[in-house]
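# Close look at the chain arrangement
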Amino acid sequence: MNDPAARVRIFDTSLRDGEQSPGCSMTAAQKLRFAHALAELGVDALEAGFPASSDADRDAVRAIAREVRGSTVVTLARCHEGDIDACASALEGAAHPRIHVFISTSPLHREHKLGLSREQVLERAIMGVTRARRLVDDVEFSAEDALRTEPEFLAEICSAAIAAGATTLNIPDTVGYTTPSEIRALFEYLRAHVRDAEKAVFSAHCHNDLGLAVANSLAAIEGGARQVECTINGIGERAGNCALEELVMALRVRSHYYGAHTRIDSRRLVPTSRLLSRITGMAVQRNKAVVGQNAFAHESGIHQHGMLKHRGTYEIMRPEDVGWSQSQMVMGRHSGRAALADRLQALGFQLEEASLNRTFAAFKALAEKKREVFDADLEALVLGSDAVAHRGWRLSRLHVSTGAGDGDTLPTASVQLLGADGATVSEAAVGDGPVHALFAALARATGIALDVDSYQVSSVTTGDDAQGQAQVIARVDGVEVTGSGTSTDILEASAHAWLDIANRQSRARAPAVRRQAAIA
Ligand SMILES: CC(=O)SCCNC(=O)CCNC(=O)[C@H](O)C(C)(C)COP(=O)(O)OP(=O)(O)OC[C@H]1O[C@@H](n2cnc3c(N)ncnc32)[C@H](O)[C@@H]1OP(=O)(O)O
Ligand SMILES: CC(C)C(=O)C(=O)O
Ligand SMILES: [Mg+2]
């Protein structure tokens, strides 16, 4: 690239383009919370909404403009007086306000959507930028559907926008139609043909209809873009926008190639992605780059063996650098001896070769039946079935009742547990929800308080009689421990998962006994 020390500005539009897509709408309070998270992440600009679209969006933008500091707050407007004035009013109180005006420029949109000629579109664009510039100093102009626009008209309208006061020129691939070499060439063309091009920052806004949004945004940077518009988890219209986490990490991992950097605090990527999933209820696919659950997980033996020798063999970035605590070695039917020996050692079992081989054969047989083999399963394999039968507390009875709102039943759980010594203990507790009440009742019954980091339930099979698998991750003496439980009743599965960890915590208090059992 020509500019070796290029800084690329990150413009997040999760709260506008992301939020306007199906399944992603947020309340004003949720938008405010997420805007704070984006500012902490270090985005240069955050597009907070489209104030003219609804009172709720206007109020959300207002709150963000007043409270959030550290990022430019942007709002979107059509080339329409009312929209632009609504932006300026909603942005009052912002430390760095920007109005973003847009109009479609492609022949298809001009003719069929707007019913306007080229000249009329140009006039409206000039009107919009001029009006916005009277209200704020920082104005962005977008040529919607730019990638299907005649390049010379695009250069003409961008030149006019700069003359009218635009400080950023955004070139959106609105329908995710372009390819990397095409968009790179377009940015090079515009930088050469737009009048006073050096007075504005060129920006890319790529959609993912062909799965190319990140690749196209990177190519736009190669062509001279110095702002990229993107969203957390790639949410956005249809197949989404360029995923912020992927773009940022591509620039960082391949910094020598791109010679560009951002000011994003990459360690905040996973927490920000999780916050967005929690707010919108839209889960991230397991194999999603950077923030997906599998992004740093290794199950196959050959990869695990390589990872144990040198993590660079199968990881191009460090999980800690993007906000994961560590890489994950998942024990399953593709795992090999090296990973098994390593995991057992971490659990406190040092096995001789013959014993390891026997355990490995048993592990493979078990892995054929189970999707994932957890620490408790490995312990059971090593300690033998007697130890398994008496491995601590077992659930003998469970009752949970729940309700919501005034006059309804408080979420309440009662449990009866059978201890390793044959004694039973019964306890009950209320909680914020049924699972919270259940975990509180289990804590009372066992006298063990678990510091639960995460809890999830997934379906092992399909259909309404499917088995649910609950997974609880808790911190025990600073170490992450995973417990799992399976049942057709997800609350029962959750109780088993909680007890799985509690029992291991109890057993860990007697390490000498455990090692003896392993050797026998
Ligand atoms: C590519 C993008 O992401 S663009 C942003 C898309 N986001 C949204 O649309 C979310 C917010 N939108 C809304 O809430 C509504 O569409 C509103 C409030 C903005 C407008 O609602 P309505 O007045 O009922 O118009 P409607 O949505 O049916 O049609 C859009 C109108 O805007 C016009 N328009 C579209 N883009 C522009 C533009 N950039 N500049 C000027 N006018 C435009 C259309 O020609 C149409 O005009 P018409 O009503 O005179 O036919
Ligand atoms: C409003 C513009 C920037 C947009 O979202 C698009 O064209 O995709
Ligand atoms: Mg868009």
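Everything numeric in this text was worked out from a predicted model, so none of it was measured.

### Side note on the overall build of the protein
Helix and strand counts for the protein stand at 21 helices and 18 strands. Each principal axis of the C-alpha distribution contributes one length, and for the protein these read about 85 × 60 × 40 Å. A total of 520 residues make up the protein; the buried ones form 50% of that total. Contacts in the protein between residues at least 24 apart in sequence constitute 65% of all its contacts with a sequence separation of at least 6. Treating the 55 positive side-chain charges of the protein as one cloud and the 65 negative ones as another, the clouds have centres 4 Å apart.

### Observations concerning the UniProt feature "binding site: Mn(2+)" (unreviewed entry) in the protein
Per the UniProt record, "binding site: Mn(2+)" (unreviewed entry) is found at Asp-17, His-205, His-207 and Asn-241. A maximum C-alpha distance of 10.3 Å places the annotated residues, which cover 225 residues in sequence, within one compact spot. With respect to the secondary-structure elements, Asp-17 resides in helix 1 (residues 14-18). Not counting chain neighbours up to four residues away, the residues in contact with Asp-17 comprise His-205, His-207, Gly-236, Glu-237 and Asn-241. Structurally, the position occupied by His-205 is in strand 8 (residues 201-206). Under the relative-accessibility criterion, His-205 is labelled buried at 4%. Not counting residues up to four positions away in its chain, the partners in contact with His-205 are Thr-13, Arg-16, Asp-17, Asn-170, Ile-171, Pro-172, Asp-173, Glu-229 and Asn-241.

### Examining the coordination of the magnesium ion (ligand 3)
Binding of the magnesium ion (ligand 3) to the protein goes through Asp-17 (OD), His-205 (NE2) and His-207 (NE2), at separations of 1.9 to 2.3 Å. In primary-sequence terms, the residues that donate to the magnesium ion (ligand 3) follow D-x187-H-x1-H. With Asp-17 in helix 1 and His-207 in the loop between strand 8 and helix 9 (213-222), the pair connects residues that are 190 residues apart, well separated along the chain. Across the pair, exposure class does not vary: Asp-17 and His-207 are buried alike.

### Looking at the packing of aromatic side chains
Evaluation of the coordinates by the stated rule reveals three aromatic pairs. Aromatic side chains Tyr-257 and Tyr-258 sit 4.8 Å apart centroid to centroid with 85° between the ring planes, which places their arrangement in the edge-to-face category. The residue whose ring lies beneath Arg-148 is Tyr-177, and the NZ or CZ to ring-centre distance is 6.0 Å.

### Focus on unusual backbone geometry
The residue Asn-233 is not glycine, and still its phi comes out positive at about 60°. Turning to its location among the elements, Asn-233 is positioned in the loop between strand 9 (227-230) and helix 10 (244-253). The phi torsion at Arg-238 lies on the positive side, around 55°, for a residue other than glycine. Tracing the chain through its elements places Arg-238 in the loop between strand 9 and helix 10.

### Comments concerning the site of ligand 2
The local shell around ligand 2 consists of Arg-16, Asp-17, His-100, Phe-102, Ser-142, Glu-144, Asn-170, Pro-172, Thr-174, His-205 and His-207. Asp-17 places a polar side-chain atom, nitrogen or oxygen, 3.0 Å from an oxygen atom of ligand 2. Taking 260 Å² as the accessible area of ligand 2 by itself, protein coverage stands at 94%. For the shell around ligand 2, the elements supplying multiple residues, two or more each, are helix 1, strand 5 (97-104), strand 6 (138-144) and strand 7 (168-173). Here the residues of the shell around ligand 2 sort into two nonpolar, six polar and three charged.

### Some remarks on the environment of Ser-335
With respect to the helices, strands and loops of the structure, Ser-335 is situated in the loop between strand 12 (328-329) and helix 15 (337-346). Of the residues examined, Ser-335 reaches a relative accessible area of 1% and is grouped as buried. Once the C-alpha coordinates of Ser-335 and Gly-301 are considered, the two residues, 34 residues apart in sequence, prove to be 3.9 Å apart. Residues contacting Ser-335, with those up to four places away along its chain left out, are Glu-299, Ser-300, Gly-301, Gln-304, Val-330, Phe-360, Phe-363 and Lys-364. Here Gln-304 takes part through its side chain, which lies 3.3 Å from a polar atom of the side chain of Ser-335. Within the local environment of Ser-335, its side chain forms a polar contact with the backbone oxygen of Val-330, the two atoms lying 3.3 Å apart.

So, how was this worked out
Residues numbered from 1 in each chain as written. Chains lettered and ligands numbered in written order. Predicted model: local features only at pLDDT ≥ 70, side-chain atom pairs only at ≥ 80, totals over all residues. Heavy atoms only, no water. Helix = DSSP H or I, 4+ residues; strand = E, 2+ residues; numbered from the N terminus. Buried < 20%, exposed > 50% of the residue type's maximum accessible area, 1.4 Å probe, protein only. Contact = heavy atoms within 4.5 Å. Lys, Arg positive; Asp, Glu negative; His and termini not counted. Charge placed at Lys NZ, Arg CZ, Asp CG, Glu CD. UniProt positions renumbered as here; feature names shortened; annotations may be inferred. Donors = N, O, S within 2.8 Å, 3.2 Å for Na, K, Ca; no water. Phe/Tyr/Trp six-rings, centres within 6.5 Å; stacked < 30°, edge-to-face > 60°. Lys NZ or Arg CZ within 6 Å of the ring centre and 35° of its normal. Near = heavy atom within 4 Å. Polar contact = N/O pair within 3.5 Å; in protein donor to acceptor, adjacent residues only side chain to side chain. Areas by Shrake-Rupley, 256 points an atom, 1.4 Å probe, with all protein chains shown as cover. Nonpolar A, V, L, I, M, F, W, Y, C, P; charged D, E, K, R; others polar.

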